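Below, each chain spelled out in residue letters.
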Amino acid sequence: MTGTPGTPDTGGWTGPAESRSARRPAADRILVVEDSPEDAEAIDRALRRSHLDLALEFTDRGEGLADELLAREDLPGLILLDLNMPGIGGHTVLEQIRARPELSGVTVVVFTSSTAPAEVDACYAAGADSYVYKPVNFTLFQTVLKGAVDYWRQAGSGSDAPSVK
């Protein structure tokens, strides 16, 4: 036996599940799942004004997103998820992400135009970390988005994480 005492001998090989579960999401990486080019552009402009250090990535589809995330070397620390998308909607994407334990460390913020209480409840029940309404006014849009990103980046860093009351 060549392994460390008390640990199984893997012959030096770390299996995919083991190495992927050890990956920690990067707080400076945000994946935006948004099918509206106008909303994606607004998110991009707002975050580039307030968070120059962020690595932003955009996708306009949710189909296969959980599997795509699992195949990556680096996980985003935060996913901004729109609910109303063609094909599989945001609810299904959220459920697929939360069904994968390897993605449990990724924060998912639903960022959508729906204010229906049933939508909010359904998203929290499916595992959303937060539900944020997209304001129409760009200044308010930018302020709300900045607040959500700042909150979850701080929470994800583990230092002085804000408490949810």
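Keep in mind the model is a prediction, meaning the values are calculated, not measured. (Residues numbered from 1 in each chain as written. Predicted model: local features only at pLDDT ≥ 70, side-chain atom pairs only at ≥ 80, totals over all residues. Heavy atoms only, no water.)

**Things to note about the sheet that holds strand β5 (residues 130-133)**
Neighbouring strands of a sheet are bound in pairs by backbone hydrogen bonds; such pairs are parallel or else antiparallel.
At step 1: Taken together, the five strands give an open sheet; going across it, the order is β2-β1-β3-β4-β5, and neighbouring strands pair in parallel fashion. Bordering the open sheet on either side are β2 (55-59) and β5, each of which pairs with just one other strand. Strand-to-strand twist across the sheet, computed as the mean angle between neighbouring axes with direction ignored, equals 25°.
At step 2: Note: strand β3 (residues 76-81) against strand β4 (residues 107-112), four bridges, orientation parallel. In the sheet register, Leu81 faces β4, and the bridge partner there is Val110.
At step 3: In the packing of helix α5 (residues 117-126) onto the sheet, contacts are made with β4 and β5, and the angle to β5 comes to roughly 150°. (Pairing = 2+ DSSP bridges. Helix = DSSP H or I, 4+ residues; strand = E, 2+ residues; numbered from the N terminus. Axes fitted to C-alpha atoms, helices over the stretch in contact; angles between N-to-C directions. Contact = heavy atoms within 4.5 Å.)

**Digging into the confidence of the model for the chain**
At step 1: Considering every residue of the chain, the mean pLDDT works out to 83; 81% of them sit at 70 or more.
At step 2: Mean pLDDT across the secondary structure elements of the chain bottoms out at helix α1 (residues 16-21), with 43, and peaks at helix α4 (residues 90-98), with 96.
At step 3: The low-confidence segment residues 1-21, where pLDDT is below 50, has seven contacts with residues more than four positions distant or belonging to other chains.
At step 4: Contacts from residues 159-165, a stretch scored under 50 in pLDDT, to residues over four places away or in other chains number nine contacts. (pLDDT = per-residue confidence, 0-100.)

**Quick word on the packing of aromatic side chains**
At step 1: According to the stated counting rule, one finds three aromatic pairs in the structure shown.
At step 2: Consider the rings of Phe138 and Phe141, whose centres lie 6.1 Å apart with planes at 20°: the pair is stacked. One end of the pair is Phe138 and the other is Phe141, both in helix α6 (residues 138-157) and three residues apart, which spans about a single turn.
At step 3: Here Tyr151 and Trp152 contribute two aromatic rings whose centre-to-centre distance is 4.8 Å and whose plane-to-plane angle is 80°, an arrangement assigned as edge-to-face.
At step 4: In this structure an aromatic cluster arises from ring pairing among Phe111, Phe138 and Phe141.
At step 5: Sitting over the ring of Phe138, Arg45 keeps its end group 4.5 Å from the ring centre. (Phe/Tyr/Trp six-rings, centres within 6.5 Å; stacked < 30°, edge-to-face > 60°. Lys NZ or Arg CZ within 6 Å of the ring centre and 35° of its normal.)

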